[in-house]
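This is what each chain is made of:
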Amino acid sequence: MNARKQIAAVGMVVMALAASACGSGSSPTGGGLVTSSGAPTPVPLEVNTSLTGTVYTLWPATVVPIWPLYTIPNVLKAFKQYLPNVKIVQLDGNGNAALQATQVEAAIAAKATAVLFSPVVPSAAGGALAEFAAAKIPVIALRQNPDGGPANSFVWVDFQSVGAYWGNYITTNLPKDFPNKDARVVEIWGDPTFDVYNRFVAGIGPSLDALTKSGKMQVVCKADVPGFKPATAQSDMEQCLTTTGGNIDAIIVMQDSTTDGMSAALESAGLLGKVKIYGGHDGDIQTLDRILLGQQYGTFYPDGKTTALSAVAFVQAAILGKTPQSTGYVTSYYLNHYYPKGVPTFLAKETLVNAANMQQTIIDQGVLTKALICTPLVANTPFCQSG
């Protein structure tokens, strides 16, 4: 096992022990992804006015921008369009596993017809999944892995392809950005109890290992960020700047909320815009603004529309007693340490956003408005000045 994988493995063990110590009934982090051959062939959804009942949506934390910007509006719109007589009850875990546990009990007590479940702590999801199964309530997991218990299906993101893209990008661009020196790089990523972390590492790791081995890159600081909390990432970045005396050339990031925290630390040190930022996923407004200012090359976001359509299709199939495979969305099987063959899974398409294509990928697709993106900080950029 190389040093990078050893660090990731140790982080996973530490986080699993921490979850267990909190009495959260933790179960192992998911074990991987089995991908089927071929692209999805979704059965087109039709309006179903005869289907009734109540679907509980257990969001993990709506303060994380990807949920209110990309996910929740699309999911609610799709339910309203295709299952107009199904009642939706939204509950926000607010990043608090104990709070979400009470919401699980509330959904069961209300005899929910089905649940869209995004566990606050995926490695501790097994208990809730078992409770839902005992109550005969089908669970469709959304974006955060359903580890250690029964789940009907899973709508996820293709984070390994995102990691692979950034690995290739860094391999090509880091030597160009630093042609006369070995780059001093900081790696501050995310929470290893979320399996997207492992998928990202699987995608980007080979490229970073090769750059390190070749001597073109030296990792001077490395940290994980439990819960993907921006304040933790900011503190980690501040500690790194202190340790290195600010002598860093680039940071490699996994997710945009944590990058927001790191950027705040860089700005306080007068280094934002001077230190390269490689990587990104989620597409929050601060990140889009950094991209427009040339402080970060780009980011990715998962297609909210196909995420929503697949979620509604899985819910409808579950209520009607049909298999997830009948929807045509299943392309993969997530190995969650419960089902030997994995949970039927759909991987939502990922879209790269940079300054050159932001109009086409964000505005023209109706994802966000220019008024939302063009804060006073970026009002004078060509993107915001254009009609």
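What counts, and where the lines are drawn
Residues numbered from 1 in each chain as written. Predicted model: local features only at pLDDT ≥ 70, side-chain atom pairs only at ≥ 80, totals over all residues. Heavy atoms only, no water. Helix = DSSP H or I, 4+ residues; strand = E, 2+ residues; numbered from the N terminus. Polar contact = N/O pair within 3.5 Å; in protein donor to acceptor, adjacent residues only side chain to side chain. Contact = heavy atoms within 4.5 Å. Pairing = 2+ DSSP bridges. Right-handed = clockwise from strand over helix to strand, strands pointing away. Axes fitted to C-alpha atoms, helices over the stretch in contact; angles between N-to-C directions.

J.: Give a description of the side chain of Ser332 that names residues and reports values.
T.: If you trace the backbone, Ser332 turns up in strand β12 (residues 332-335). A polar contact of 3.4 Å, which involves the side chain of Ser332, links it to the side chain of Thr331. Discounting residues that sit within four places of it in the chain, Ser332 has contacts with Leu33, Val34, Thr35, Ser36, Val343, Pro344, Thr345 and Leu347.

J.: Give me the lowdown on the pairing of strand β10 (residues 276-279), citing residues and values where you can.
T.: Across 4 bridges, the pairing between strand β9 (residues 250-253) and β10 is parallel. Along β10, the bridge assignment pairs Ala250 with Lys276. As for the winding sense of the linkage, the β-α-β connection from β9 through helix α8 (residues 256-268) to β10 is right-handed.

J.: Describe the sheet that holds strand β5 (residues 139-142), naming the residues involved and giving the relevant values.
T.: If you walk across this open sheet you meet the 8 strands as β1-β12-β13-β6-β5-β4-β2-β3, and the pairing is mixed. The sheet terminates laterally at β1 (32-35) and β3 (86-92), the two strands that pair on one side only. Geometrically, the sheet is characterised by an average inter-axis angle of 25 degrees between neighbouring strands, direction not taken into account. Sheet topology note: the β12/strand β13 (residues 343-348) ladder contains 3 bridges and is antiparallel. Bridging across to β13, Tyr333 finds its partner in Pro344. Those strands touched by helix α6 (residues 195-214) are β1, β6 (153-157) and β12, and its axis lies near 50 degrees from that of β6.

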